[in-house]
Amino acid sequence: MAKIDQKFAEVQNDIKSTPGLGKSMAKWGALGAVVAIPVPFVGPVLGAAAGAGYAYFKAKKKA
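Attention in this report is confined to the structure presented alongside it. Model, not experiment: these values are computed from the prediction. Each residue is numbered by its place in its chain's sequence as written, counting from 1. Since the coordinates come from a predicted model, pLDDT governs what is reported: local features require at least 70, and pairs of side-chain atoms require 80 or more to be given and counted, while whole-chain, interface and lining totals use all residues. Based on all heavy atoms of the structure, the side-chain values leave hydrogens and waters out of the count.

### Describing the packing of aromatic side chains
At step 1: Two rings belonging to Phe, Tyr or Trp (six-membered ring only in the last case) form a pair when the distance between their centres is within 6.5 Å. Interplanar angles under 30 degrees mark stacking, angles over 60 mark edge-to-face geometry, and anything in between is tilted. Taken as a whole, this structure holds two aromatic pairs when the rule is applied.
At step 2: A ring pair is formed by W28 and Y54, whose centres lie 4.9 Å apart and whose planes are at 70°; its orientation type is edge-to-face. Of this pair, W28 sits in helix 2 (residues 21-35) while Y54 sits in helix 3 (residues 43-62), and the two are 26 residues apart along the sequence.
At step 3: For the pair Y56 and F57, a centre-to-centre distance of 5.5 Å together with 70° between the ring planes defines the contact as edge-to-face.
At step 4: Residue exposure (1.4 Å probe, protein chains only): buried if accessible area is under 20% of the type maximum, exposed if over 50%, otherwise partly exposed. The exposure class assigned to Y56 is buried, which follows from its relative accessible area of 6%. Per the convention used, a helix needs a DSSP run of H or I reaching at least four residues, while a strand needs a run of E reaching at least two, with both numbered from the N terminus.

### Regarding the nonpolar core
At step 1: Working definition of a nonpolar core: buried Ala, Val, Leu, Ile, Met, Phe, Trp, Tyr and Cys residues. They are joined through side-chain atoms within 4.5 Å. Listed in full, the five residues of the largest apolar core are L21, M25, A52, A55 and Y56.
At step 2: Mapped onto this core, the elements with two or more residues apiece are helix 2 and helix 3.
At step 3: Counting residues per element, this core draws most heavily on helix 3, which supplies three residues.
At step 4: Whether two residues are in contact is decided by their heavy atoms, any of which lying within 4.5 Å being enough. Apart from residues lying up to four places away in sequence, Y56 is in contact with V11, D14, L21 and M25.

Structure follows, in structure tokens:
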């Protein structure tokens, strides 16, 4: 459980220290949620998580 908490803290620090990353994650998360609307129940939630994850990993790849 400590590894998960440590990873969450690392991601939060990355978001806070990288200008524009939070905005990009919100944009891609919203797009992912809209694209996944046809999937019943969990589609928008998983789509938003996938979109935000994409933005995060795209930003980490640049750094």
